[in-house]
Every structure is written in structure tokens, then in C-alpha cells.
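Spelled out from the first residue to the last, the chains are:
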Amino acid sequence: PSDVPAASPDEDGASPSMAVSAEAAALFEAREVALTRQGAGVRRSLKRVLADDQSDVLDQLRRGKGPASADELPTEAEQVEIYLEALAGPARAVADAGAASVGGSIGDAGELDDAVTDAVSTMVQRLRAHLESTIDRTGGDRDELLEPVRAHYRELKSGDLGRLADDVMLLAFAIGVHLGTPDRAPVRWVTTPGDDAGPDCHDNTLAGVVEKGSGFPTGHLRPPGMPGCRCLVIPA
């Protein structure tokens, strides 16, 4: 049986998993500092990568003869790699800051690398699905498809690209805190103060204190619990 103490109400009757302790506040402040240091640079780098990716795609589509084909696009692996190059260094720096905030280190970065790759792959797959749909919809007409492709990259620049940067940086800090916390330590799931967290995240806060590695009600070991999640799992 676990020796992690069960959550109990505080003096005001509120669950400690729902309260914002001084320790939690300090971690959220450390996260804000780390994200502020890396955020602007990440966005600039991603915008340059997006511009390069758009140029490569348009060049490929202009160059061919006859109806365009999705086979002419860069491979998914090639596209994932160029976005990863912009994110890997900042993500590691933010994860290191997360681990340091709980007095630990991330050690093996495999979990971080896999999570960042998954986030980038999801965005690239959506991008490629749109490009392939545009090629199909225009019958591969090279003149007709260029403007819809440009328009989609503009939409990415003003929408998904910023969300990717935010999601990866938040994810990196959460992973850093998770990896920096000793195995089997008592931990709890906390939501960002003032954040409109989803029902799954709230369910996890209600679990109170659990042993690291045992999981929360949703099955997650750490955030994100849902898209856009800004929670942390912190030492109790």
C-alpha cells in the first residue's frame, strides 16, 4: 500500500488540491519566467521555418509538368524535421528550468523529445492534409492551387503556429517538473490560477495527493490532460 497521505480539507473546507499553495505559485512564476525568455525567439524561429517550408512547397508545385500531385510535396519526415530544429533547443531549456524549479534534472530527454515530436507531427499532418485536399480540389491545376496554398500558410502563421509554440513550451515545462520530481514522491495536479481548465483537468485536481507514477483519474501521469492544458503536477 502507498504511504502517500490522502488529501484532506484545509481549514476553510477546501481541498488542498484546489488551493494555490506558495509552492505552486512559485512554480507557475518560474514557468512564466522560462516561457518569457524563450517565447519570442521560438515564434520568430517558427515563422522563418514556416516561410521556408512555404517556399519549398510552392517551388515544388510550380516546377512540375502536367497536373500537380501530392507526391511532389516534401516528405512528412522532412517537414517535421525543420520545425523540430526550431523547437528542440528552446524546449530543452524550458524543460531544464522546470526540473530545476523542483530541485531536480531531466536526465534522459527521450520523453521530452518524443512529446515535442508528437506535437509537431500533429501540426504537420494537418498541414499536409490541407495541401493534399487543395491539390485534389483543383485537379492539380498548378496556377489555380498556388493561391489557396499561400492562404493556408498565412492562416498557419496567425493561428496554429503560435499555438504550437505555446503548447510545446508549456509541455516542456510540465515534463521538466515531472522528470525533476523523485519517483514515488507524493504529487498533486494543479490548475493555473485564473485558467478555465477543462473537466478532465478538474477531475485530476480532485484526486488530491497521489504517488508519482500511479496516475490520475484520467489516466495521465502529468499534463497535458487535454489540448491547451496549462496545468502542472507538482510535489505535494
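Residues numbered from 1 in each chain as written. Predicted model: local features only at pLDDT ≥ 70, side-chain atom pairs only at ≥ 80, totals over all residues. Heavy atoms only, no water.

Comments concerning the confidence of the model for the protein chain
Here is step 1: Taken as a whole, the protein chain shows an average pLDDT of 90; of its residues, 92% reach a score of 70 or greater.
Here is step 2: The model gives residues 1–18 a pLDDT under 50, and that stretch makes 25 contacts with residues more than four places away or in other chains. (pLDDT = per-residue confidence, 0-100. Contact = heavy atoms within 4.5 Å.)

Some details on helix H3 (residues 110–137)
Here is step 1: Under the 1.5 Å per step criterion, the end-to-end length of H3 is 40 Å for 28 residues, consistent within 8% with the ideal 40 Å.
Here is step 2: All of the buried residues along H3 are Leu112, Ala115, Val116, Val120, Ser121, Met123, Val124, Leu127, Arg128, Leu131, Thr134 and Ile135.
Here is step 3: Against the buried residues of H3 lie helix H1 (22–63), helix H2 (76–100), helix H4 (142–158) and helix H5 (160–180).
Here is step 4: In the segment just after H3, glycine 139 is the residue with positive phi, at about 65°. (Helix = DSSP H or I, 4+ residues; strand = E, 2+ residues; numbered from the N terminus. Expected span 1.5 Å × (residues − 1). Buried < 20%, exposed > 50% of the residue type's maximum accessible area, 1.4 Å probe, protein only.)

Things to note about the side chain of histidine 152
Here is step 1: Take histidine 152: it is sitting in helix H4.
Here is step 2: If sequence neighbours within four positions are ignored, histidine 152 has contacts with Leu127 and His130.

Comments concerning the nonpolar core
Here is step 1: Membership of the largest hydrophobic core comes to 54 residues, with the highest contact counts inside it found for Leu61, Tyr83, Leu87, Val120 and Tyr153.
Here is step 2: Elements with a contribution of two residues or more to this core: H1, H2, H3, H4, H5 and strand E3 (232–235).
Here is step 3: Dropping the residues within four chain positions of it, leucine 61 is found in contact with Ala68, Glu72, Leu73, Ile135, Arg142, Leu145, Leu146 and Val149.
Here is step 4: With nine residues, the next largest nonpolar core counts Val187, Cys201, Cys229 and Val233 among its residues. (Core = buried A, V, L, I, M, F, W, Y, C linked by side-chain atoms within 4.5 Å.)

Details of the packing of aromatic side chains
Here is step 1: Per the stated rule, a full pass over the model turns up one aromatic pair.
Here is step 2: Measuring from ring centre to ring centre gives 5.3 Å for tryptophan 189 and phenylalanine 216, while their planes differ by 70°; the resulting arrangement is edge-to-face. Remark: phenylalanine 216 occurs in the loop between strand E2 (209–211) and E3 and tryptophan 189 occurs in strand E1 (residues 186–190); sequence separation between them is 27 residues. Just as tryptophan 189 is buried, phenylalanine 216 falls in that class too. (Phe/Tyr/Trp six-rings, centres within 6.5 Å; stacked < 30°, edge-to-face > 60°.)

Quick look at the packing of H2 against H5
Here is step 1: At their nearest, the axes of H2 and H5 sit 7 Å apart, and the two run at 35° to each other. In this structure, H2 crosses over H5, and the sense of that crossing is right-handed. Counted together, Tyr83, Leu87, Pro90, Ala91, Val94, Ala95, Ala97, Gly98 and Ala99 of H2 and Leu161, Leu164, Val168, Met169, Ala172, Phe173, Gly176, Val177 and Gly180 of H5 form the full contact between these two elements.
Here is step 2: Looking at side-chain class alone, the contact of H2 with H5 contains 15 nonpolar, three polar and no charged residues. (Axes fitted to C-alpha atoms, helices over the stretch in contact; angles between N-to-C directions. Left-handed = near helix turned anticlockwise from the far one by under 90°. Nonpolar A, V, L, I, M, F, W, Y, C, P; charged D, E, K, R; others polar.)

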